[in-house]
Amino acid sequence: MNAAQTRAAQVRAANQAEHYNTEQAKAAERGPLHLITFWQNVCRKLAKDALTNGDPTVANALASHLNDFYQRHAQ
């Protein structure tokens, strides 16, 4: 990656972080269910992007965490 590509990637990452921080704050203001939905969507996007790139480990980790959460709180 050349300097221009590196800088562009850094700008994209900063813009994404700013967007996520803003959306998280908005969701938190609207209440716990909105915050849950925000995090669910972000995590699903991470898993989907990893799967698209041929990496199932993120999706598998998310599924495992969700299963553990369910097991802890369903009883």
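## Quick word on the overall build of the protein
Okay, so step 1: A count of helices and strands for the protein gives three helices and zero strands.
Okay, so step 2: Overall, the protein shows an N-to-C arrangement of helices and strands of α-α-α.
Okay, so step 3: Against the 2.2 N^0.38 benchmark of 11 Å for 75 residues, the protein shows a C-alpha radius of gyration of 16 Å, more extended than a compact globule.
Okay, so step 4: For the protein, the spread of C-alpha atoms along the principal axes amounts to about 55 × 35 × 15 Å.
Okay, so step 5: Averaged over its 8 positive side-chain charges, the protein has a centre that lies 4 Å from the centre of its 6 negative ones.

## What to know about helix α1 (residues 3-30)
Okay, so step 1: For α1, spanning 28 residues, the distance from its first C-alpha to its last is 41 Å, which sits close to the expected 40 Å at 1.5 Å a residue.
Okay, so step 2: Just downstream of α1, G31 is the residue with a positive phi angle, here 125°.

## A few points about the layout of surface pockets
Okay, so step 1: Taken as a whole, the largest pocket spans an internal volume of roughly 300 Å³.
Okay, so step 2: Looking at the largest pocket, the residues that line it are I36, W39, Q40, C43, R44, L62, H65, L66 and F69.
Okay, so step 3: When contributions to the lining of the largest pocket are tallied by element, the ones reaching two or more residues are α2 (32-52) and α3 (57-73).
Okay, so step 4: Here the lining of the largest pocket gets five residues from one element, more than from any other, and that element is α2.
Okay, so step 5: When grouped by side-chain class, the residues that make up the lining of the largest pocket number six nonpolar, two polar and one charged.

## What to know about the packing of aromatic side chains
Okay, so step 1: Overall, the coordinates contain two aromatic pairs when judged by the stated rule.
Okay, so step 2: Between Y20 and F38, the ring centres sit 6.3 Å apart and the planes meet at 80°, which makes this aromatic pair edge-to-face. With Y20 in helix α1 and F38 in helix α2, this pair connects stretches of sequence that are 18 residues apart.
Okay, so step 3: Seen from their ring centres, F38 and W39 are 5.0 Å apart, and the 75° between their planes marks the pair as edge-to-face.
Okay, so step 4: What makes W39 partly exposed here is its relative accessible area of 42%.
Okay, so step 5: One aromatic cluster is present, formed by Y20, F38 and W39 through successive ring pairs.

Conventions used here
- Residues numbered from 1 in each chain as written.
- Predicted model: local features only at pLDDT ≥ 70, side-chain atom pairs only at ≥ 80, totals over all residues.
- Heavy atoms only, no water.
- Helix = DSSP H or I, 4+ residues; strand = E, 2+ residues; numbered from the N terminus.
- Rg over C-alpha atoms; globule rule 2.2 N^0.38 Å.
- Lys, Arg positive; Asp, Glu negative; His and termini not counted.
- Charge placed at Lys NZ, Arg CZ, Asp CG, Glu CD.
- Expected span 1.5 Å × (residues − 1).
- 1 Å grid on protein atoms, 1.4 Å probe; cavity = no way out; pocket = protein on both sides within 12 Å on 5 of 7 lines; lining within 4 Å.
- Points joined across faces, edges and corners; volume = space filled by probe spheres on them.
- Nonpolar A, V, L, I, M, F, W, Y, C, P; charged D, E, K, R; others polar.
- Phe/Tyr/Trp six-rings, centres within 6.5 Å; stacked < 30°, edge-to-face > 60°.
- Buried < 20%, exposed > 50% of the residue type's maximum accessible area, 1.4 Å probe, protein only.

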